[in-house]
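Chain by chain, the residues:
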Amino acid sequence: MSALPIAALLAVTVVALIALVLGWRQLGAARRSMADLTAALQAEQARRSSAEDTLDAAHERFSAAFHCSPDYITISRLSDGAILDVNQAFVQLVGWSREESIGTTSLDLGLWPVPEERMAVVERVSQYGALRNFPCTIGTRGGLRKHCLLNASTVEIEGQTCLIAIVRDISEQKAANDALQESQAKFSRIFASAPVATSLTRLADRTHVDANPAWENLFGLKRSAVLTRSTGELDFWVDTDVYDDLYARITRDEIVAQREVRIRPRGRDEIATCLVSGCHLRINGEDCGLWSLVDITELRRAQAHIEELNEGLERRVAERTAELRSTLETLHQARNELVRSEKLAALGALVAGIAHELNTPIGNSVTVATTLAARTEELAREFASGGLRRNSFDAFMENTREAGELLTRNLHRAQELVRSFKQVAVDQSSENRRPFELGEMLHEIAVTLGPMLRGSHYTLDIAPAEALQMDSYPGALGQILTNLISNALTHAFAGRPDGHIAVTTQAGSDSVRISVTDNGHGIDSASLQRIFDPFFTTRLGEGGSGLGLYIVYNLVTRTLGGQIDVQSTPGSGTRFTLTLPCTAPADGAHQDAMAIPVHDRPSLNFKDFGPII
């Protein structure tokens, strides 16, 4: 039954009672009172209905705000801490579902990993009934800790005192703030401890915001004396147009890198030269310039001194170079004379040997001719006196035939020696290129070198070569073989009673390999590395010039266009192997086979690359 019929029944009952008591005279007044009461009851009913609608709407708005809030919200009884309700943000932050959370306490869920913070919250809420922006740590279901801000207040719900807690997760914001503070602390430490003078100025009025100790040392002023003042105001800059240009550039967000400037530091009697660098920064809402200056006054002074020394050094180098060139010219002349002397000495040895060798056949021929002339004169006298007998004539004829044979044999021997020597001498002196047969050329070399070995216990064996036509420089090849054989006689057999030298050839398709082998002392590894160097000799002061094998190397590689290799074992002899093309290169004769190589070395070059910073 609704509230209105009950009120009407009560009104009727009241009216009946009044009618019975007061009578019918007062019935009209009672009816009027009853109508007023009914109207009042209806107004009260309408007000209550409106209040209920308002309460329902407020409840819906609170529920929407409660569940849609991005901050975590909990409602709990203050008496025992039991959680009555949580919103979705609570579930997302701590990981506990709404069903798991309702009926438990924050301690049961481990929401307070720092007990001291919970105690502080309880104490403040009990004392003040509310809490605003309290920093705290909230634990999650997974054991993580979140940095949060807590807002809380008490409220009466259905006769119970409850606590509404609103928690905002500020972990990311706190991490960003911590990183920013750490960065600022690093910047402050770097700024203060930097060995380079560093300052921070406002771009608007160019006044100083900060300066480090290195800046104080450079400019001779304390930091406190320059704050809110500019370097232009302090008259530090020698070139004010440069000062203005620097600020104009960083105002345009350009970076200034090591611009050379001049300043007037306090307490110094000279103008300092510095390298300034700067960039545009925005600090605390202001456009600022970060500047660094490096004092290079001493560096510039040292650089000027070094440049002066360099100029003097270059003059001395030029003078010394001229002296060295003159000395080198003299050395070249001396070298040429040594080479010429070496060649003449080798040719002289050949001449001496050939002269000694020719002495025998020519002497024999002279003796035979003299004897034959005497016998002819004797026969003529016998014939003139008429006493010539037949047996005397027959003996004379026999002696004449023997003398003719001896003369022919000795003169042929002399002719062969002269012809071979002449060919070798012409080849070695002219250095002309011509076609020749290798075996014949080696035979001529053997004939000319034979006298050098005669009378000694050293033997030379030149193996017969295959018929091989070459178009090359026989003089150069003859000098090579002469030097190698002479070198073996001088060095390989020194102190030995006997020795053997063998020359062998091996023909290829378009080249020939000639080996000169001896069974002498051999060459140690240290000397073997330098054996072809000019003026290198193991018999310094004993007649060795150190040019023999150097000439051999250059003749083989330059004039003949071939290669030379040496192998040696100490105590077992040495082998020189020549690999020569059958046709020498066309430009071989134009190369100076006796030239001492001079390597170009880089000249001193001093350039101004600016300061080293």
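Residues numbered from 1 in each chain as written. Predicted model: local features only at pLDDT ≥ 70, side-chain atom pairs only at ≥ 80, totals over all residues. Heavy atoms only, no water.

> Could you give an account of the packing of aromatic side chains, naming the residues involved and the relevant values?
Each pair of aromatic rings is reported with the distance of its centres and the angle of its planes. A complete count under the given rule lists nine aromatic pairs for this structure. A centroid spacing of 5.4 Å and a plane angle of 75° characterise the contact between tyrosine 243 and tyrosine 247, whose relative ring orientation is edge-to-face. Of this pair, tyrosine 243 and tyrosine 247 both sit in helix H10 (residues 240-251), separated by four residues, roughly a single helical turn. Judged by relative accessible area, which is 7%, tyrosine 243 ranks as buried. Taking relative accessible area as the criterion, tyrosine 247 reaches 5% and is therefore assigned buried. (Phe/Tyr/Trp six-rings, centres within 6.5 Å; stacked < 30°, edge-to-face > 60°. Helix = DSSP H or I, 4+ residues; strand = E, 2+ residues; numbered from the N terminus. Buried < 20%, exposed > 50% of the residue type's maximum accessible area, 1.4 Å probe, protein only.)

> Give a detailed account of a negative patch on the surface, specifying residues and quantitative values.
Taken together, the side chains of Glu307, Glu308, Glu311 and Glu314 present a region of like negative charge at the surface. With respect to the helices and strands, the residue glutamate 314 is situated in helix H11 (residues 297-385). Residue classification places glutamate 314 among the partly exposed positions, given a relative accessible area of 36%. (Patch = residues over 30% accessible without salt bridge, like charges linked within 9 Å, V, L, I, M, F, W, Y side chains within 5 Å. Areas by Shrake-Rupley, 256 points an atom, 1.4 Å probe, with all protein chains shown as cover. Salt bridge = Lys/Arg side-chain N within 4 Å of Asp/Glu carboxyl O. Lys, Arg positive; Asp, Glu negative; His and termini not counted. Charge placed at Lys NZ, Arg CZ, Asp CG, Glu CD.)

> Please set out the packing of helix H14 (residues 474-492) against helix H16 (residues 548-559) residue by residue, giving values where relevant.
Where H14 contacts H16, the two axes come as close as 9 Å, and the packing angle between them is 150°. Considering their axes alone, H14 and H16 lie roughly antiparallel with respect to each other. Of the two possible hands of crossing, H14 and H16 adopt the one that is left-handed. Taking contact as the criterion, the partners of Ala476, Gln479, Ile480, Asn483, Leu484 and Asn487 in H14 are, on H16, Gly548, Leu549, Ile551, Val552, Leu555, Val556 and Thr559. (Axes fitted to C-alpha atoms, helices over the stretch in contact; angles between N-to-C directions. Parallel < 35°, antiparallel > 145°, perpendicular 65-115°, else oblique. Left-handed = near helix turned anticlockwise from the far one by under 90°. Contact = heavy atoms within 4.5 Å.)

> Quick one: what's the story with the nonpolar core, residue by residue and with numbers?
With 43 residues, the main nonpolar core has Leu438, Leu477, Ile480, Ile514, Phe576 and Leu580 as its most contacted residues. Secondary-structure elements contributing two or more residues to this core are helix H13 (438-453), strand E12 (458-462), H14, strand E14 (499-507), strand E15 (511-518), H16, strand E16 (563-569) and strand E17 (573-581). Per-element accounting of this core gives the leading share, nine residues, to H14. Apart from the residues lying within four places of it in its own chain, the contact partners of leucine 580 are Leu477, Ser511, Val512, Ile514, Val556, Leu560 and Gly562. (Core = buried A, V, L, I, M, F, W, Y, C linked by side-chain atoms within 4.5 Å.)

> Kindly report on the confidence of the model for the protein, identifying the contributing residues and their values.
Mean pLDDT over the protein stands at 78; residues scoring 70 or higher make up 76%. For the stretch residues 596-613, pLDDT sits under 50, and the model shows 24 contacts to residues farther than four places along the chain or on other chains. (pLDDT = per-residue confidence, 0-100.)

> Break down the sheet that holds strand E7 (residues 208-211) for me, with residues and values.
Across the sheet, five strands lie side by side as E7-E6-E10-E9-E8; this open sheet has antiparallel pairing. Edge positions in the sheet fall to E7 and strand E8 (256-263), since each has one partner strand and no second. Here the strands of the sheet are splayed against their neighbours by 30° on average, with no regard to which way each runs. Pairing geometry for strand E9 (residues 272-283) and strand E10 (residues 286-295), over 10 bridges, is antiparallel. Across the sheet, cysteine 274 pairs through a bridge with aspartate 295, a residue of E10. Sheet strands in contact with helix H7 (residues 171-193) are strand E6 (197-202), E7 and E10, and its direction is about 120° off that of E6. Strands in contact with H10 are E6, E8, E9 and E10; relative to E8, the strand with the most contacts, it is inclined by about 160°. (Pairing = 2+ DSSP bridges.)

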